[in-house]
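# Observations on the three-dimensional arrangement
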Amino acid sequence: MKKISRRNFIKTGLAAAAVGALNLQAAQDDEIKWDAEYDVLVVGSGLSANVAGIVAAEGGLGVALLEKMSRTGGNSVISQLDFACVGSEQQEKAGIKDSIELFVKDLNKAGKGFNYIEQSYRIAQNSKRAYEFVKARGVQYAEKLKHLGGHSVARSLETVGGGGACVQALNSHFESKGGKTLKRVKVDEIVLDKNGAAIGLKVREEYKFDKNLADDDAQNVSGDVKFYKAKKAVIFASGGFSADKAFKAAQNPRLALASTPSNPGATAGALKTMIKAGAMPVQLSLGRYSFGIPTEDLIFAISVDGKNSKRFMNEDGDRQTLSDNILENMQKNESDLFPTIIFDETGFTSSHDPKRLQKFIETGKMKKFESLDELAAEFKLNVQILKEEIKRYNENVAAKTDADFKKDLSKFAPIEKAPFYAILGTPGISYTPGGVRVNLNFEVLNINDSKPIKNLYAVGEATGGVHGFTRLTSCSTPDCISSAMIAAEHILKG
C-alpha cells in the first residue's frame, strides 16, 4: 500500500470529513465541486464494461471506464469466454438445429427455478446480436463449435485468444471512439441528488489495492478523493465477489472453503456501494463452481477425503454437484483439506482427454506413482485405510453395484493397475450468481419500492437472479454482452 505522509493523511482526512458533511445520499449538484465530468461513468473494465462503453461512445457520449486495479480486464481476461449462441454461422454450416426455446430450456434447467425467466429469454434472444456486435469490433471466433455440458446441442463458440484477446480488442475499439480507461480509480460512493437519482461518483485516484489486507475495501485508505460527475448515467459493470472470502463466508460459509482462481480485486466493494445507495441484493449465497479437472473424468476415479482417507461420494456428477459434495464433506469433518482423486492406468487412459491429463502431470498439478504407498505418502493419506477403501470399491465394481454411494459401476474397471495418478479435488469459485436486482433495461431496482434508481444501471455479473442456482457454462458471455448493450442503448434513448 502507498505510504501516506502526515500532510497527505491530514489532507485526506479533511476531504473525507467534507464529504461526510455533504451527505452524498441527498446531494445538490451545486454543493459539489466536480473534478471531472462525463456523460456516462462505467465501473469496471472487463467484457461488460467495454461493450457498454462502446455502445455509449459510438452514440456520441463521453464515457470513462473506472478500474480500481493497476491492470484492466478483471476476471474477463483470465476466462476462456466461450460463447453460447443460437443461430451463429457456425451452427448453420454444421446443420445444427437449435432454437431460442431450447436454449431457454437449458438455461432454466441449470437455474433450477432460481432464475428470472424473462432474463433467460433475453440472453437467448440476444445471443446472436451480441455475437455479431463484438465480432464486428475485432473479436475473433473459431470455426468449430463446442458441445458443452448442459447444452442440448453444440452452440458454444470458442473465443480465439480467450478473454485477454477479446477484452484487448474491445478496449482498443472503445478508446478509438474517444472513450477513456482510467486505472487505479476506486469507487467509494454513488452520489445521489435530492430526488434519489445518480448524478456521479465519489472516487479515489491513485488507489493501490493491497492483497495483504484482510478486507481491502474496508481497510485500504490509499488514494486521493475526487468527485466525477455523470451527466446521464452510472453503469456498474464491476463483476462479482468471488475473491472476497470474508463476504462469501458471511453469505454462505461453504463458499469460503472453496479456492478461487479469480482476480484478487474481485471483492464485494462495488456491490456494497450499490446496496448503500438503495439497491436490492438478491441470491448472494449462491456460487458457481469451477473444478481443477474435467468432471466427466472423475467417473474413472475414486475420491477419498483428505482427513480420514475414506471414500465419501459418488464420483459421477456435474461440477456443481461434485463441488458441493466435497465442500459439505469438508464441513462435516471440520477440515480444510481437499480430497484426493485417484486413477489407475486403466482409468487414466479412459479419460475423455488423456492429453490434458498428461499436461497436468507435466505441470505438477497431477502426480504419477508406481505404488499406492508412494501416493499415500505424497498426499499424507493413511495407506492402510486407503487400500481398504480401494478394495471395497473394487468389490463393488465386480458386483456391478455401489452399495455405498449408488454410482453406476457397470461400465468401469477396478482400480488396481499401476501406475497410479492422483490430483487434489479442489472446487473453485470463479463466478457469483448473486448481485443487485435489475429490470430488463438493467436499471438497478430500489430495495424499498422495487422501482428503478434513476440513472443507475448494473450489467453482467454485477446483477443477481439472472442465472439462478448455477450458471450454465459459456452463458456468461452472451449475458455480459447483451446486458451491456441493452443498458447503454436505453441510456442513449434518454
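Quick caveat: nothing in here was measured; it's all calculated off a predicted structure. (Residues numbered from 1 in each chain as written. Predicted model: local features only at pLDDT ≥ 70, side-chain atom pairs only at ≥ 80, totals over all residues. Heavy atoms only, no water.)

### Structural notes on the overall build of the chain
Scanning the chain from N- to C-terminus turns up 16 helices and 18 strands. Relative to a compact globule of 494 residues, whose C-alpha radius of gyration would be 23 Å, the chain shows 25 Å and is just as compact. Oriented by its inertia axes, the alpha-carbon framework of the chain measures out at about 80 × 60 × 40 Å. Within the chain, contacts between residues at least 6 apart in sequence are counted, and of these 74% link residues at least 24 apart. Surface accessibility of the chain: about 21,600 Å² in total, with carbon and sulfur atoms responsible for 49%. One way to put it: in the chain the 66 positive side-chain charges average out to a point 3 Å from where the 60 negative ones average out. (Helix = DSSP H or I, 4+ residues; strand = E, 2+ residues; numbered from the N terminus. Rg over C-alpha atoms; globule rule 2.2 N^0.38 Å. Contact = heavy atoms within 4.5 Å. Areas by Shrake-Rupley, 256 points an atom, 1.4 Å probe, with all protein chains shown as cover. Lys, Arg positive; Asp, Glu negative; His and termini not counted. Charge placed at Lys NZ, Arg CZ, Asp CG, Glu CD.)

### Comments concerning the sheet that holds strand E13 (residues 367-369)
What the four strands build is an open sheet, ordered E11-E12-E14-E13; its pairing is antiparallel. Of all the strands in the sheet, the pair left with one neighbour each is strand E11 (302-304) and E13. Here the average twist between neighbouring strands, direction ignored, is 30°. In the sheet, E11 pairs with strand E12 (residues 340-343) via three bridges, with the strands oriented antiparallel. Bridging across to E12, Ile302 finds its partner in Ile342. (Pairing = 2+ DSSP bridges. Axes fitted to C-alpha atoms, helices over the stretch in contact; angles between N-to-C directions.)

### A closer look at the UniProt feature "domain: FAD-dependent oxidoreductase 2 FAD-binding" (unreviewed entry) in the chain
The sites that UniProt annotates as "domain: FAD-dependent oxidoreductase 2 FAD-binding" (unreviewed entry) are residues 39-476. Strand forms 19% of residues 39-476 and helix 33%; the C-alpha atoms that close the span are 27 Å apart. (UniProt positions renumbered as here; feature names shortened; annotations may be inferred.)

### Quick notes on the nonpolar core
One recurring pattern in soluble globular proteins: nonpolar side chains tend to sit buried together. Among the nonpolar cores identified, the biggest contains 76 residues, and Val51, Leu66, Phe83, Val134, Ile190, Leu201 and Phe236 are the most heavily contacted of them. Excluding residues within four positions of it along the chain, Val51 makes contact with Phe133, Val134, Leu170, Ile481, Ala484 and Met485. Counting residues in each nonpolar core, the second largest holds 44 residues, with Leu298, Leu322, Ile361 and Ile390 among its members. (Core = buried A, V, L, I, M, F, W, Y, C linked by side-chain atoms within 4.5 Å. Buried < 20%, exposed > 50% of the residue type's maximum accessible area, 1.4 Å probe, protein only.)

### Things to note about the packing of helix H2 (residues 47-58) against helix H16 (residues 476-493)
At a minimum axis distance of 8 Å, the contact between H2 and H16 shows a crossing angle of 30°. As the angle between them shows, H2 and H16 are arranged roughly parallel. When you trace H2 past H16, the crossing you get is right-handed. Between H2 and H16, the contacting residues are Leu47, Ser48, Val51, Ala52, Val55 and Ala56 on the first element and Thr477, Cys480, Ile481, Ser483, Ala484, Met485, Ala488, Glu489 and Leu492 on the second. (Parallel < 35°, antiparallel > 145°, perpendicular 65-115°, else oblique. Left-handed = near helix turned anticlockwise from the far one by under 90°.)

### Observations regarding the packing of aromatic side chains
Tallied over the entire structure, the rule returns nine aromatic pairs. Aromatic side chains Phe241 and Phe247 sit 5.0 Å apart centroid to centroid with 75° between the ring planes, which places their arrangement in the edge-to-face category. Residue Phe241 is classed as buried on the basis of its relative accessible area, which comes to 1%. Among the residues examined, Phe247 registers a relative accessible area of 11% and is labelled buried. Taken together, a centroid distance of 4.0 Å and an interplanar angle of 15° make the contact between Phe348 and Tyr421 stacked. Placement of Phe348 in helix H12 (residues 345-349) and of Tyr421 in strand E14 (residues 420-424) is noted, with a sequence separation of 73 residues between them. Take Phe348 and Tyr421: they sit in the same class, and that class is buried. Aromatic rings pair up to connect Phe83, Tyr131 and Tyr141 into one cluster. (Phe/Tyr/Trp six-rings, centres within 6.5 Å; stacked < 30°, edge-to-face > 60°.)

### Quick look at the state of the cysteines
What the rule picks out here adds up to zero disulfides. For Cys85, which is in no disulfide, the shortest distance to another cysteine sulfur is to Cys475 and amounts to 11 Å. (Disulfide = S-S within 2.5 Å.)

### Regarding the confidence of the model for the chain
On average, the chain scores 93 in pLDDT, and the residues at 70 or more come to 94%. A low-confidence stretch, residues 1-23 (pLDDT under 50), is modelled with 20 contacts involving residues beyond four sequence positions or located in other chains. (pLDDT = per-residue confidence, 0-100.)

### Some words on the domain arrangement of the chain
By the assigned domains, the chain splits into domain 1 (31-287 + 431-493) and domain 2 (293-425). On the side of domain 2, nine residues touch domain 1, which itself brings nine residues to the contact. Overall, the association of domain 1 and domain 2 removes approximately 770 Å² of surface from exposure, summing both partners, and the carbon and sulfur fraction of that is 55%. At the boundary of domain 1 and domain 2, one finds one salt bridge. Residues Asp324 and Arg254 are paired through a salt bridge, measuring 3.3 Å at the closest nitrogen-oxygen approach. For the interface between domain 1 and domain 2, the tally reads four residue pairs in polar contact (both at pLDDT 80 or more). Residues of the side of domain 1 that touches domain 2, tallied by class, amount to four nonpolar, four polar and one charged. (Domains from an automatic or database assignment. Buried area = accessible area lost by both parts, 1.4 Å probe. Salt bridge = Lys/Arg side-chain N within 4 Å of Asp/Glu carboxyl O. Polar contact = N/O pair within 3.5 Å; in protein donor to acceptor, adjacent residues only side chain to side chain. Nonpolar A, V, L, I, M, F, W, Y, C, P; charged D, E, K, R; others polar.)

### Overview of the pattern of salt bridges
Taken as a whole, this structure holds 22 salt bridges when the rule is applied. In this structure, the salt-bridge partner of Arg137 is Glu58, at a minimum N-O distance of 3.0 Å. Within this pair, whereas Arg137 is found in the loop between helix H5 (117-135) and strand E4 (156-157), its partner Glu58 is found in helix H2, the two being separated by 79 residues in sequence. Two residues, Lys186 and Asp217, come together in a salt bridge whose shortest N-O distance is 3.3 Å. Note that Lys186 is positioned in strand E6 (residues 185-192) and Asp217 in helix H7 (residues 216-219), a separation of 31 residues in sequence. Given a relative accessible area of 6%, Lys186 falls into the buried group. For Asp217, a relative accessible area of 17% puts it in the buried group.

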